[in-house]
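# Residue-level structural notes
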Amino acid sequence: MFIRLENVNYTYNLNMPFETVALNNINLEIEKGEFIGLIGHTGCGKTTLIQHLNGLLTPTSGKVYIEGIDICQKGVNLKLIRQKIGLVFQYPENQLFEENIFEEIAFGPRKLGLTEEEIKKRVYEVLEMVDLDVSYTERSPFSLSGGEMRRIAIASILSLKPQMLVLDEPTANLDPQGRSKILSEIKNIHDHYGITILLVSHNMEKIAEMVERLLVMNKGKIILDGSPREIFSRHAEQLIDIGLGLPQVTQCFYELKKRGKSIKEGVLTVEEAEREVLKKIKALANNLQK
Amino acid sequence: MNIFRNISFGQYIPGNSLIHNFDPRVKILGCLLIIINLFLISQFWGFLILGVMVWSGIIISKIHPRFVFRGLRTIIYLILFTMLLHLFMTEGEVIFRIWIFKITKEGLINGLFIASRLFILILTTSLLTLTTSPISLTDGIERLLSYFKFIKLPAHEIAMMMTIALRFIPTLLEETEKIMKAQISRGADFESGNIVNRTKNLIPILVPLFVNAFRRADELAIAMEAKGYRGGEGRTHYRELQIHRKDILFFTIITALAIIVGILF
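Residues numbered from 1 in each chain as written. Chains lettered and ligands numbered in written order. Predicted model: local features only at pLDDT ≥ 70, side-chain atom pairs only at ≥ 80, totals over all residues. Heavy atoms only, no water.

Moving on to the packing of aromatic side chains. The tally for this structure, following the rule as stated, stands at seven aromatic pairs over all chains. Between Phe 22 of chain B and Phe 250 of chain B the ring centres are 4.1 Å apart and the planes differ by 20°, which places this aromatic pair in the stacked class. Of this pair, Phe 22 of chain B sits in the loop between α1 (18-21) and α2 (24-40) while Phe 250 of chain B sits in helix α11 (residues 245-264); the two residues are 228 residues apart in sequence, bridging distant segments of the chain. Phe 22 of chain B sits in the buried class, given a relative accessible area of 7%. Relative to Phe 214 of chain B, the ring of Phe 210 of chain B lies with its centre 6.0 Å away and its plane at 55°, an arrangement referred to as tilted. With Phe 210 of chain B and Phe 214 of chain B both in helix α10 (residues 203-226), this residue pair falls four residues apart, about one helical turn. Classification of Phe 214 of chain B by relative accessible area gives exposed; the value is 58%. A cation over a ring is seen here: Arg 139 of chain A above Tyr 136 of chain A, with NZ or CZ 4.9 Å from the ring centre. The lysine or arginine in question, Arg 167 of chain B, covers the ring of Phe 168 of chain B, its NZ or CZ lying 4.9 Å from the ring centre. (Phe/Tyr/Trp six-rings, centres within 6.5 Å; stacked < 30°, edge-to-face > 60°. Helix = DSSP H or I, 4+ residues; strand = E, 2+ residues; numbered from the N terminus. Buried < 20%, exposed > 50% of the residue type's maximum accessible area, 1.4 Å probe, protein only. Lys NZ or Arg CZ within 6 Å of the ring centre and 35° of its normal.)

Take a look at the structure:
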């Protein structure tokens, strides 16, 4: 077991008039190599939850185990934990500060005390991982476009060689092109480099087709945990109930089903929907011929 | 890791007590009167009466003393330090002596007075900020300053600057926390190392913080212009401040007490 959260509760401003419960009895297990999506409303506790994964927050009560180690204990090397679990915050471009991109990406490795040679190697490696040209190293991070800045920020986490990458809404505020670029890179990082991914997102369509496992949070609780297909077909009603909704095609098929059409439920992508519809049309044509 | 959890000086605790509902102008002036009084009096009874006054204010406001003391915690060393200075540095009738240090009667009295002065000062201002929202506080200051318009005092501009500054303190704190967390996730370490390294470690926080603050200032200026902001001339308020009978009563009592205490002690 890579990560295990046991009865984790977290309350902001404990014992103050503005006390708010952000996490309510979270139990979660994550295996190495998984590709997990996390969806939920703004303020449902997603960001709070992911900050527990690398010890930035410690639970008000409950336990967080990383590779079997309880990271809330005193004397645990949190630096090591944070190197293992790379956390990319929302709008990560707001944390860039170095003169050029080489230094920006080298920040983490330098803190690890690596040799200059090893640092250089890592910088070029991660630049390739996020599909940016080597010529970028000389440029100022502030001269880049929003999407590129974000990829540099992700690269600066990847340069720590984490085993898991946690991304908090990496596509927020990007144009469609930048969005699909980032998402395809994340997919690539998972598929080719074997890094465990936890992706927090509002983008139902993309999440539905990318991830293997989906977590749904509402009001500080994980209410659903399963494959996207399972969740979008079996729990469609619940998702609509809490106002999260479904991916557009899934919604469309769900409505058709509700009107009594015999059609497959839990269709996730447009391609899949296309196949389904063609199948139906063919069957209809066959029937007419007879 | 809630880094700024402990900052409470100047914090507002919402409530619905008598003290919360007084007009901010009256509260500011009352606060000012008590502070002036603190520096006029020179007898123990004066401090006691003022202290009891402020403390009853805290009780009436129904604010948990914990918040008041949390504000004091940062300042307690300053109080102790000044008290010690007075204790040992004042010439006069010696009542106690260890090695080269001597404590004089005058020193003891001065030290205690200075400590009570600072203590009551912090209590008073804490009571003001704990029970008055930043908005009504700056509203009150604006109205009070506008009495000085005849000497060309830009009352509205000063108040607007204060409002914006106050408004952005929590935002900047939140942002600092976020940037710190992000840099910690990238391998930064803010907790160990010598003073040179620690100072160097501030760069990854300060650069993004300033970049964002300037950008935000720019955006705010444009947004204000877009909404037609053009200074205080002829501007009306959503919440008009009104002096009620209880405000007048409160102010009279404070003034009367202040005068009595000031004359007697």
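A separate point is the domain arrangement of chain A. Accessible area lost during the coming together of the parts is what is often quoted as the interface size. All names here are of chain A. By domain assignment, chain A separates into domain 1 (3-228) and domain 2 (247-290). Summarising the inter-unit geometry, the C-alpha centres of domain 1 and domain 2 are found 37 Å apart. At the interface, five residues of domain 1 touch four residues of domain 2. Contact between domain 1 and domain 2 buries roughly 390 Å² in total, counting both sides, with carbon and sulfur atoms accounting for 71%. When the area that domain 1 buries against domain 2 is broken down by residue, the three leading residues are Glu 205, Ala 208 and Glu 209, summing to 75%. Between domain 1 and domain 2 we count zero salt bridges in total. There are one residue pair in polar contact (both at pLDDT 80 or more) connecting domain 1 and domain 2. (Domains from an automatic or database assignment. Contact = heavy atoms within 4.5 Å. Buried area = accessible area lost by both parts, 1.4 Å probe. Salt bridge = Lys/Arg side-chain N within 4 Å of Asp/Glu carboxyl O. Polar contact = N/O pair within 3.5 Å; in protein donor to acceptor, adjacent residues only side chain to side chain.)

Turning our attention to the sheet that holds strand β2 (residues 20-30) of chain A. All names here are of chain A. Spatially, four strands are ordered β2-β1-β4-β5 in an open sheet, and the strand pairing comes out antiparallel. Here the strands that pair on one side only, and so sit at the sheet edges, are β2 and β5 (69-70). Bridge count for strand β4 (residues 61-66) against β5 is two bridges, and the pairing is antiparallel. Of the residues in β5, the one forming a bridge with Ile 66 is Ile 69. Lying over the sheet, helix α1 (residues 46-53) contacts β1 (3-12), β2 and β4, oriented at roughly 125° with respect to β1. (Pairing = 2+ DSSP bridges. Axes fitted to C-alpha atoms, helices over the stretch in contact; angles between N-to-C directions.)

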